[in-house]
Amino acid sequence: MKKYNFNAGPSVLPDVVLEAAAKAILNFNDTGLSLLSISHRTPEFEAVLAQAQDLMRELLNIPDNYKIYFVGGGASTQFFHIPANFLGRKAGYINTGVWTKKAIKEAKYYGEVNVLASSEDKNFSYIPRGYEIPAD
């Protein structure tokens, strides 16, 4: 019987995907090199990246005037990746719990943080409404 992972993190992939990945790790597109060994600047890898972007656009209906960034790490890593790469001077947050608190903490290293609303007063049992987003 096949096992399934219902925990946070990676999910179960179809066998055909795992088999293709295993082959690419040994010999990617008959280059004689592992996908893990080729430079991210080679035409072979650039094709992989372009295909991944095209598939993301198709799957999520992302318009051409939006950029797609692939960054490493898990969910918590994004708490510093986002402000490190995109926070200019100031950011607004809606505090809805433990994850937002972590994001706010990391964002403070990169700029000014304004908590526009919070549900901490009732142990994060609701999503705040009626807040205003400042023009700046």
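Residues numbered from 1 in each chain as written. Predicted model: local features only at pLDDT ≥ 70, side-chain atom pairs only at ≥ 80, totals over all residues. Heavy atoms only, no water.

## Observations concerning the overall build of the chain
Right, on to step 1. For the chain, the count of helices and strands is four helices and two strands.
Right, on to step 2. Element order for the chain, N to C, with α for helix and β for strand: α-α-α-β-α-β.
Right, on to step 3. In terms of overall size, the chain is more extended than a compact globule, its C-alpha atoms giving a radius of gyration of 20 Å where 136 residues would be expected to give roughly 14 Å.
Right, on to step 4. On the principal axes, the C-alpha backbone points of the chain span a range of 55 × 40 × 30 Å. (Helix = DSSP H or I, 4+ residues; strand = E, 2+ residues; numbered from the N terminus. Rg over C-alpha atoms; globule rule 2.2 N^0.38 Å.)

## Regarding the confidence of the model for the chain
Right, on to step 1. This prediction gives the chain a mean pLDDT of 91; 100% of its residues lie at or above 70.
Right, on to step 2. Element-level pLDDT for the chain is lowest in helix α3 (residues 75-86), with a mean of 89, against a maximum mean of 97 in strand β2 (residues 112-118). (pLDDT = per-residue confidence, 0-100.)

## As for the packing of aromatic side chains
Right, on to step 1. In the structure shown here, the tally under the stated rule is two aromatic pairs.
Right, on to step 2. Where Y69 meets F86, the ring centres are 5.2 Å apart and the plane angle is 75 degrees; that geometry is what we call edge-to-face. Pair noted here: Y69 is in the loop between α2 (43-60) and α3 and F86 is in helix α3, with a separation of 17 residues, a long-range link.
Right, on to step 3. A ring pair is formed by F79 and W99, whose centres lie 6.1 Å apart and whose planes are at 45 degrees; its orientation type is tilted. Of the two residues, F79 is situated in helix α3 and W99 in helix α4 (residues 98-107); the sequence distance between them amounts to 20 residues. (Phe/Tyr/Trp six-rings, centres within 6.5 Å; stacked < 30°, edge-to-face > 60°.)

## As for unusual backbone geometry
Right, on to step 1. In this model, D30 sits at a positive phi of 55 degrees, which is unusual for a non-glycine residue.
Right, on to step 2. Within the secondary structure, D30 is located in the loop between α1 (15-26) and α2.
Right, on to step 3. Judged by its relative accessible area of 66%, D30 falls in the exposed class.
Right, on to step 4. A positive phi angle is found at N123, which is not glycine, with a value near 55 degrees.
Right, on to step 5. By the secondary structure assignment, N123 is in the segment after β2.
Right, on to step 6. Look at N123 and you get exposed, because its relative accessible area is 65%. (Buried < 20%, exposed > 50% of the residue type's maximum accessible area, 1.4 Å probe, protein only.)

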